[in-house]
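Each chain is listed here by its residues.
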Amino acid sequence: MTDVHREAMALPEVGAMKRAGTKIVMVTAYDHPSARLASEAGVDLLLVGDSAGNNVLGYETTVPVSMDEAVMLTSAVARAKPRALIIGDMPFGSFQASDADAVANAVRLVKAGADAVKLEGAGPMLARVRAIVGAGIPVMGHLGLTPQSATKLGGMKAQGRTAATARQLVSDARELESAGSFAIVLEAVPAKVAAHVTEALAIPTIGIGAGPNCDGQVLVWHDLLGVNEGPAPRFVKRYADLASEIRRGLEAFAAEVRSGAYPADEHAYKISEEELSAFEADLG
Ligand code: KIV
């Protein structure tokens with residue numbers, strides 16, 4: 001889809017993984033080094049999530065993220081030429097107003113290097129999914145807790161906890177599948193409900209706070225690697241403590257600069273004695 005030459009995983013492999021019972025691994029990536037590292041670690045899908053808003057751009061939520069920011073982050077990830085597929089998240093306001101907007105903005109993400117796009121919601125958004133898929137761009141759906149509409153959902157809360165809302169989730173997921181989505185993120189949904197949604201679909205589900213029976217799992221880079229500290233949603237598991245390691249490195253650098261231990265001789269460039277004498281003679 002892009003003009004960046006790379007050996008990428010083929011999109012049909014994602015559906016094949018569900019059929020083979022192989023779990024799909026997705027992480028967020030917002031820049032070149034994280035895309036490279038995640039791909040080297042064997043991650044299958046990189047989500048250039050609008051969670052960049054609260055994880056790297058300093059916003060309180062995902063809502064302020066703009067298309068220009070999403071394009072910039074997606075292109076940084078794409079320049080790493082990962083084997084993992086790149087999913088560009090469509091920010092709030094980039095697809096809600098019309099099918100034409102949705103297609104134009106999905107095209108921008110693809111031109112920036114995304115292999116597919118993700119958008120939140122079903123209902124009125126199904127037409128957007130059909131329009132983008134109709135334009136030849138693969139779409140990942142996103143149901144359950146959809147942070148862009150957290151106000152409408154009553155806050156950042158688990159969804160599908162009543163029989164009626166669980167039924168609605170299954171029906172929305174089926175409709176997203178019929179609209180042409182190739183996979184669906186299920187966020188903050190009871191594990192047993194997510195298992196039923198997963199069972200009901202031929203396309204894979206990727207869970208975040210949706211229990212072990214989804215076809216894959218996704219976590220936010222800064223959560224899973226412990227760049228973020230303090231309280232986190234219950235589904236977050238920290239596999240590293242990068243915040244402590246980064247702080248330790250920065251404190252050591254500051255201490256050595258202040259004591260004069262850095263830079264040492266091996267960090268400095270040399271000039272020959274002859275050139276130095278000539279230079280110093282010129283100085284008088
Ligand atoms: O933006 C994001 O990181 C997401 C994940 C929570 C799935 O949408």
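Predicted model, so just to flag it, every value in this text is computed and none were measured. (Residues numbered from 1 in each chain as written. Predicted model: local features only at pLDDT ≥ 70, side-chain atom pairs only at ≥ 80, totals over all residues. Heavy atoms only, no water.)

## A closer look at empty space enclosed by the protein
- Scanning the model with the defined rule gives 1 cavity of 30 Å³ or more in all.
- What lines the largest cavity is simply Val-48, Gly-49, Asp-50, Ala-52, Val-65, Ala-70, Leu-73, Asp-89 and Pro-91.
- Split into classes, the residues belonging to the lining of the largest cavity amount to 6 nonpolar, 1 polar and 2 charged. (1 Å grid on protein atoms, 1.4 Å probe; cavity = no way out; pocket = protein on both sides within 12 Å on 5 of 7 lines; lining within 4 Å. Points joined across faces, edges and corners; volume = space filled by probe spheres on them. Nonpolar A, V, L, I, M, F, W, Y, C, P; charged D, E, K, R; others polar.)

## A closer look at the pairing of strand S8 (residues 216–219)
- Sheet topology places strand S1 (residues 24–28) next to S8; 4 bridges connect them, and they run parallel. Each bridged residue has a counterpart across the sheet, and for Val-25 the counterpart in S8 is Gln-217. (Pairing = 2+ DSSP bridges. Helix = DSSP H or I, 4+ residues; strand = E, 2+ residues; numbered from the N terminus.)

## What to know about the domain arrangement of the protein
- Structurally, the protein comprises domain 1 (12–240) and domain 2 (245–282).
- Look at where the C-alpha atoms of domain 1 and domain 2 centre, and you get two points 46 Å apart. (Domains from an automatic or database assignment.)

## Focus on the site of the ligand
- Within the structure, the ligand sits among Thr-28, Leu-47, Gly-49, Asp-50, Ser-51, Asp-89, Lys-118, His-142, Val-185, Glu-187, Ile-208 and Val-220.
- In this structure, an oxygen atom belonging to the ligand sits 2.5 Å away from a side-chain N or O atom of Ser-51.
- In this structure, Asp-89 approaches the ligand through a side-chain N or O atom, which is 3.2 Å from an oxygen atom.
- Relative to its free-state accessible area of 260 Å², the ligand is covered by the protein chains to the extent of 96%. (Near = heavy atom within 4 Å. Polar contact = N/O pair within 3.5 Å; in protein donor to acceptor, adjacent residues only side chain to side chain. Areas by Shrake-Rupley, 256 points an atom, 1.4 Å probe, with all protein chains shown as cover.)

## Digging into the packing of helix H5 (residues 99–112) against helix H6 (residues 126–134)
- The geometry of H5 relative to H6 is characterised by a closest axis approach of 9 Å and an angle of 45° between their N-to-C directions. Judged by the inter-axis angle, H5 sits oblique to H6. Pair H5 / H6 crosses with right-handed handedness. Taken together, the residues of H6 that come into contact with H5 (itself represented by Asp-99, Ala-102, Val-103 and Ala-106) are Ala-127, Arg-128, Ala-131 and Ile-132.
- Partitioning the contact of H5 with H6 into residue classes produces 6 nonpolar, no polar and 2 charged. (Axes fitted to C-alpha atoms, helices over the stretch in contact; angles between N-to-C directions. Parallel < 35°, antiparallel > 145°, perpendicular 65-115°, else oblique. Left-handed = near helix turned anticlockwise from the far one by under 90°. Contact = heavy atoms within 4.5 Å.)

## Some details on unusual backbone geometry
- Cis peptide bonds are those with omega within 30 degrees of zero, and the linkage from Tyr-262 to Pro-263 qualifies with 0°.
- In this fold, Pro-263 is placed in the loop between helix H11 (242–259) and helix H12 (273–283).
- The backbone of Lys-81 shows a phi angle near 45°, a positive value even though the residue is not glycine.
- By secondary structure assignment, the location of Lys-81 is in the loop between helix H4 (67–78) and strand S3 (85–89).
- Taking relative accessible area as the criterion, Lys-81 reaches 46% and is therefore assigned partly exposed.
- Phi is positive for Ala-188, close to 50°, though the residue is something other than glycine.
- Along the chain, Ala-188 falls in the loop between strand S6 (183–187) and helix H9 (191–200).
- Accessibility expressed as a relative area gives 8% for Ala-188, which makes it buried. (Buried < 20%, exposed > 50% of the residue type's maximum accessible area, 1.4 Å probe, protein only.)

## What to know about the packing of H6 against helix H8 (residues 163–179)
- Contact pair H6 / H8: the axes reach a minimum separation of 9 Å and the direction vectors enclose 25°. Taken together, the axes of H6 and H8 lie roughly parallel to each other. Crossing of H6 over H8 shows right-handed handedness. In this structure, H6 uses Leu-126, Val-129, Arg-130 and Val-133 to contact H8, whose residues at the interface are Glu-175, Leu-176 and Ala-179.
- Across the contact of H6 with H8, the residue classes break down as 5 nonpolar, no polar and 2 charged.

## Considerations on the sheet that holds S3
- Spatially, the 8 strands close up into a barrel ordered S1-S2-S3-S4-S5-S6-S7-S8, and their pairing is parallel. Across this sheet, the average inter-strand angle for adjacent strands is 25°, counted without regard to direction.
- Here H4 sits on the sheet and contacts strand S2 (45–48) and S3; the angle it forms with S3, its principal contact strand, is near 170°.

## Some remarks on the environment of Ile-271
- Counting through the fold element by element, Ile-271 comes out in the loop between H11 and H12.
- In the structure, Ile-271 is positioned 151 residues away from Glu-120 in sequence and 60 Å away in space, judged by C-alpha atoms.

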